[in-house]
Amino acid sequence: PVFLKDGRRFLWTSERDGFRHLYLYSTRGGASQSTQQLTRGAWQVTDVLGVDENAGRVYFRSSEESPLERQLYSVKLDGTDKRRVTSGAGTHRVVMAPGCGVFLDIFSSLTSPPEATLRGAGGEAIAVYRQADRRVLERFDVLPTEIVEFKGKSGVTFYATLIKPAGFDPAKKYPVFVNVY
């Protein structure tokens, strides 16, 4: 739980609607009107990163854009005005500063190694903290990572990454490493 400074409310994630979403609870408990759902949809809130109580906003990462991505969003504490803060298809690992005025955005994707950028609360870049180190990609003949999709028996879509060796020849057989997450 993330307790608000007023001591009367706290944030909590729950899968009560089938997907992990943000809820605002009253510490008084009891009646259903003491709970308010802040996010909803066929996607998951993956983590709560901070609360700016002065602006009345909570910052969280989610899979809303794609199950293959993690983006930073914010929503008001009354559940309105949800905004996507980060851009760029990929994964944004985020470290929020106290008060949520700035955050460190560590962005990576299938084509880009991690790069850390200091950003304002609205997502605007302030300064690059650490540029992406592309030396390994340039030194070795690393082929692009491919996303492979397939359907399970129940119709659920599964995703996998496929990295082919340098000099890949589709007529040849290769050993395979399988990393189950």
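The rules we used
- Residues numbered from 1 in each chain as written.
- Predicted model: local features only at pLDDT ≥ 70, side-chain atom pairs only at ≥ 80, totals over all residues.
- Heavy atoms only, no water.
- Pairing = 2+ DSSP bridges.
- Helix = DSSP H or I, 4+ residues; strand = E, 2+ residues; numbered from the N terminus.
- Axes fitted to C-alpha atoms, helices over the stretch in contact; angles between N-to-C directions.
- Patch = residues over 30% accessible without salt bridge, like charges linked within 9 Å, V, L, I, M, F, W, Y side chains within 5 Å.
- Areas by Shrake-Rupley, 256 points an atom, 1.4 Å probe, with all protein chains shown as cover.
- Salt bridge = Lys/Arg side-chain N within 4 Å of Asp/Glu carboxyl O.
- Buried < 20%, exposed > 50% of the residue type's maximum accessible area, 1.4 Å probe, protein only.
- Core = buried A, V, L, I, M, F, W, Y, C linked by side-chain atoms within 4.5 Å.
- Contact = heavy atoms within 4.5 Å.

K.L.:
Looking at this structure, I do not really get the sheet that holds strand β11 (residues 112–120). What am I missing?
P.N.:
Think of a sheet as strands paired side by side through backbone hydrogen bonds, with each pair either parallel or antiparallel. Read across the sheet, 4 strands follow the order β9-β10-β11-β12 without closing on themselves; strand pairing throughout is antiparallel. Pairing within the sheet leaves two strands with one partner each, and these edge strands are β9 (91–96) and β12 (125–130). Sheet twist, expressed as the mean angle between neighbouring strand axes with direction ignored, is 25°.

K.L.:
What is the right way to look at the pairing of strand β14 (residues 157–162) in this model?
P.N.:
Put simply, side chains in a regular strand alternate between the two faces of the sheet. Bridge count between strand β13 (residues 146–151) and β14: 6 bridges; the pairing is antiparallel. Looking at the pairing, I147 lines up with T161 of β14.

K.L.:
I would appreciate a short explanation of a nonpolar patch on the surface in the present structure.
P.N.:
A cluster of nonpolar side chains, contributed by V148, F150, V156, F158 and L162, occupies part of the molecular surface with about 400 Å² of accessible area. Among the secondary structure elements, those contributing two or more residues to the nonpolar patch are β13 and β14. By the secondary structure assignment, V148 is in strand β13.

K.L.:
What's the story with the pattern of salt bridges in this structure? I'm lost.
P.N.:
Counting across every chain of the model gives 10 salt bridges. We note a salt bridge from R61 to D47, for which the minimum N-O separation is 3.0 Å. Placement of the pair is R61 in strand β6 (residues 57–62) and D47 in strand β5 (residues 45–52), with a sequence separation of 14 residues. In this structure, D81 engages R57 in a salt bridge whose closest nitrogen and oxygen atoms are separated by 3.0 Å. Remark: R57 occurs in strand β6 and D81 occurs in the loop between β7 (71–76) and β8 (83–84); sequence separation between them is 24 residues. Classification of D81 by relative accessible area gives partly exposed; the value is 33%. Since its relative accessible area comes to 6%, R57 is described here as buried. Connected through salt bridges with shared partners, the residues D6, R8 and R9 form a single ionic network.

K.L.:
Hey, could you run me through the nonpolar core in this one?
P.N.:
Within soluble globular proteins, side chains that are nonpolar generally end up buried alongside one another. By size, the foremost hydrophobic cluster in this structure holds 13 residues, and its most contacted members are L11, L22, L38, V58, F60 and V75. For this core, the elements supplying multiple residues, two or more each, are β3 (21–26), β5, β6 and β7. Contacts of L22, omitting those with residues within four sequence positions, involve W12, T13, Q36, Q37, L38, T39, V45, V48, V58, F60 and V75. Counting residues in hydrophobic clusters, the runner-up holds 7 residues, among them L72, V94, M96 and F103.

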